[in-house]
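Architecture at a glance
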Amino acid sequence: MRYCIGVDLGGTNIAIGLIDLDGKVIIRKKSVKTRAPRPCVEISADIRDVCVDLCNDVGITLSEVEWIGVATPGIVRSGVVIDAFNLGWTNEKFEEIVCTMTGRPTFVANDANAAAYAEAKWGCGIGEESLIAVTLGTGIGGGIILNGKIWEGFNGFAAELGHMVIDVGGRRCSCGLRGCLEAYCSATALVHETRRMMKLYPDSLMWQVTGGNIDCADGRTAFTANEQGDFAARQVIDDFVNYLAIGIANIINIFQPSVVCIGGGVSGQGEALMRPLRERLKYTSFGTKDMRTRVEVAVYKNDAGIIGAGLLGIMEE
Ligand SMILES: [Zn+2]
């Protein structure tokens, strides 16, 4: 069997998985607390220890693992973490440190890019050369895979798709600018709009869905009420989809990728989101008559980081 290890380093937890490269599955995983901010060498030592544990659990040695891939928050350029605010790191030679500690070839990438890579290799972009991932969560994350490789960009922070401006002078975004896609299509924005419309429409079914408590409104509320034919919920979903379609159309017009992969909590709505989105895209992207680009829901949910990190070695092969 061919093994590799994928490490998903987050601000709260470090999730590490031993991956069977031929079976395309995680055979065993473990998670430890990150306890950030901490020095890069300390976190790297924790990663090494868990890697050794995982190998022991299945009766192999770390030397039998082909490589270790790590997905980290922050800006990554050629294996160096230039800046990771929530870890408290600047210019850390993370790739080199983990490689020295473990004795295994090591590859480090930004977490959103790694998640996109998981989709490109084993997820909804399997067999394709290009995929753009858009993750609709608290914010909007992105990853660009071109010709089978992650596009980090000259500066190391390409694919900030959430900060594409879709409305000049529009809503205020978390980045300080106005009109970014994130201000319209993140889960946070969806919840905000849901609550705003609930206040405007006291008779909306969204009140029933939330048991009369506006604080219970979440990213699912409008979708649930919309299914029951609620007018205000319909407005929330229509607006959300219209804005998202503009963002996706811009991505398609620039890259013409094989696949646009939609992930994050909101993508859990599945066809209730994708059907109107695909319909809307017919009218918003250029050259739609010959459009072959697929727009799909992400295959991986929680394991995208581990899988994507683990597969980084394939990119270097
Ligand atoms: Zn922004």
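We now turn to the structure provided with this report. (Residues numbered from 1 in each chain as written. Predicted model: local features only at pLDDT ≥ 70, side-chain atom pairs only at ≥ 80, totals over all residues. Heavy atoms only, no water.)

Another aspect to go through is the sheet that holds strand 6 (residues 80-84). The pairing of strands in a sheet happens through backbone hydrogen bonds and is either parallel or antiparallel. Strand order in the open sheet made by the 3 strands is 5-6-7, with antiparallel pairing throughout. Only two strands of the sheet have a single neighbouring strand rather than two, namely strand 5 (75-77) and strand 7 (89-92). This sheet shows a mean twist of 20 degrees between the axes of neighbouring strands, independent of strand direction. The pairing of strand 6 with strand 7 spans 3 bridges and is antiparallel. Pairing of Ala84 across the sheet is with Trp89, part of strand 7. (Pairing = 2+ DSSP bridges. Helix = DSSP H or I, 4+ residues; strand = E, 2+ residues; numbered from the N terminus. Axes fitted to C-alpha atoms, helices over the stretch in contact; angles between N-to-C directions.)

Before going further, it helps to examine the coordination of the zinc ion. Those donors, His163 (ND1), Cys173 (SG), Cys175 (SG) and Cys180 (SG), are the protein atoms that reach the zinc ion, and they lie 2.0 to 2.4 Å from it. Here the zinc ion binds 4 donor atoms, and the angle range of 105 to 121 degrees at the metal identifies the geometry as tetrahedral. The sequence motif formed by the donor residues of the zinc ion is H-x9-C-x1-C-x4-C. Taken together, the positions of His163 in the loop between strand 11 (149-150) and helix 4 (182-185) and Cys173 in the loop between strand 11 and helix 4 put the pair 10 residues apart, joining distant regions of the chain. A relative accessible area of 5% places Cys173 in the buried class. (Donors = N, O, S within 2.8 Å, 3.2 Å for Na, K, Ca; no water. Tetrahedral: all angles 85-135°; square planar, octahedral: opposite > 155°, others 65-115°. Buried < 20%, exposed > 50% of the residue type's maximum accessible area, 1.4 Å probe, protein only.)

Attention shifts here to the sheet that holds strand 11. Taken in spatial order, the 5 strands of this open sheet run 11-10-9-12-13, and their pairing is mixed. Both outer strands of the open sheet, strand 11 and strand 13 (294-297), are each paired with one neighbouring strand and no more. Contacts from helix 3 (residues 111-122) reach strand 9 (131-136), strand 10 (140-146), strand 11 and strand 12 (259-263) within the one sheet, and its direction differs from that of strand 10 by about 55 degrees. Across the sheet, helix 9 (residues 271-281) lies against strand 9, strand 12 and strand 13, angled at about 165 degrees from strand 13, the strand it touches most. (Contact = heavy atoms within 4.5 Å.)

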